[in-house]
Amino acid sequence: MTFRPLHDRVLVRRLESDEKTAGGIIIPDTVQEKPMEGEIVSIGTGHINDNGDVRPLDVKAGDRVLFTKWAGTEVRIDGEDLLVMKESDIMGVIEGASARKAA
């Protein structure tokens with residue numbers, strides 16, 4: 001199945017966080033916070049302005065992004081948990097060496 005978000009929405013795959021601290025302590029799932037970092041899977045066509053013009057989104061599929069803590073709606077597509085959120089819930093795109101290293 002394919003899913004294409006509408007308008008200014010994006011589909012994001014949440015990236016897994018570390019299950020250990022730097023000191024080696026394992027953090028149980030029950031107390032772990034959900035990561036606020038993800039990879040964009042697909043994007044909508046863009047934001048529709050008041051005058052009817054479509055402004056393309058600033059993000060693209062494959063971008064690593066940081067988003068707000070309560071952003072998006074969780075959905076399950078083909079057995080995978082994903083988030084659908086508005087582009088405005090995205091705080092920024094992670095670029096450079098750290099993004100390549102984490103990938």
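Here is a short report on the structure shown in this document.

### Regarding the environment of Leu15
Here is step 1: Looking at the secondary structure, you find Leu15 in the loop between β1 (9-14) and β2 (37-43).
Here is step 2: Judged by its relative accessible area of 19%, Leu15 is buried.
Here is step 3: Taking the C-alpha atoms as reference points, Leu15 and Arg64, 49 residues apart in sequence, are found 9.0 Å from one another.

### Side note on the environment of Asp8
Here is step 1: Its location among the elements puts Asp8 in the segment before β1.
Here is step 2: Residue class for Asp8 comes out buried when judged on its relative accessible area of 11%.
Here is step 3: For the pair Asp8 and Ser88, spaced 80 residues apart in sequence, the C-alpha separation works out to 8.3 Å.
Here is step 4: Dropping the residues within four chain positions of it, Asp8 is found in contact with Gly46, His47, Leu57, Met85, Lys86 and Glu87.

Criteria and thresholds
Residues numbered from 1 in each chain as written. Predicted model: local features only at pLDDT ≥ 70, side-chain atom pairs only at ≥ 80, totals over all residues. Heavy atoms only, no water. Helix = DSSP H or I, 4+ residues; strand = E, 2+ residues; numbered from the N terminus. Buried < 20%, exposed > 50% of the residue type's maximum accessible area, 1.4 Å probe, protein only. Contact = heavy atoms within 4.5 Å.

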